[in-house]
Amino acid sequence: MGDNMKVKVFDCDHEKDLEECVNGFISNKEVVDIKYQVSITACGEEQLYCFSAMIIYIDKG
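Heads up: these notes are all about the structure in this document. Every value quoted in this text rests on a predicted model; they were computed, and no experiment measured them.

Some words on the nonpolar core
(1) Moving on: Membership of the largest hydrophobic core is limited to nine residues, which are Phe10, Cys12, Leu18, Val22, Phe25, Phe51, Ala53, Ile55 and Tyr57.
(2) Moving on: Elements represented by at least two residues in this core include exactly β1 (4-12), α1 (15-26) and β3 (46-59).
(3) Moving on: With four residues, the top contributor of residues to this core is β3.

Structure representation (structure tokens):
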């Protein structure tokens, strides 16, 4: 009855950084779902990537 659904959003420049953040966060959580997204843009001749994830989880606290 005290369970609350919550979300946590991560945004990283590199996919490995996102992986580390997400894995660290979910290690002791009851995960409902994870939504993942990649966006890309060009800045001059450079390509910029943004890797993001939204974690939906149950807070038992």
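Digging into the pattern of salt bridges
(1) Moving on: Evaluation of the coordinates by the stated rule reveals three salt bridges.
(2) Moving on: Across the salt bridge formed by aspartate 59 and lysine 6, the nearest N and O atoms sit 3.1 Å from each other. Of this pair, aspartate 59 sits in strand β3 while lysine 6 sits in strand β1, placing them 53 residues apart in sequence.
(3) Moving on: For lysine 6, a relative accessible area of 36% gives the class partly exposed.
(4) Moving on: For lysine 35, the salt bridge goes to aspartate 33, with nearest N and O atoms at 2.9 Å.
(5) Moving on: With relative accessibility at 44%, the residue lysine 35 sits in the partly exposed group.

Things to note about the environment of cysteine 21
(1) Moving on: Considering the arrangement of structural elements, one finds cysteine 21 in helix α1.
(2) Moving on: Given a relative accessible area of 33%, cysteine 21 falls into the partly exposed group.
(3) Moving on: C-alpha separation for the pair cysteine 21 and alanine 53, spaced 32 residues apart in sequence, amounts to 9.7 Å.
(4) Moving on: Those residues in contact with cysteine 21, other than ones at most four positions away along the chain, are Phe10 and Cys12.

Reading guide: rules and limits
- Residues numbered from 1 in each chain as written.
- Predicted model: local features only at pLDDT ≥ 70, side-chain atom pairs only at ≥ 80, totals over all residues.
- Heavy atoms only, no water.
- Core = buried A, V, L, I, M, F, W, Y, C linked by side-chain atoms within 4.5 Å.
- Buried < 20%, exposed > 50% of the residue type's maximum accessible area, 1.4 Å probe, protein only.
- Helix = DSSP H or I, 4+ residues; strand = E, 2+ residues; numbered from the N terminus.
- Salt bridge = Lys/Arg side-chain N within 4 Å of Asp/Glu carboxyl O.
- Contact = heavy atoms within 4.5 Å.

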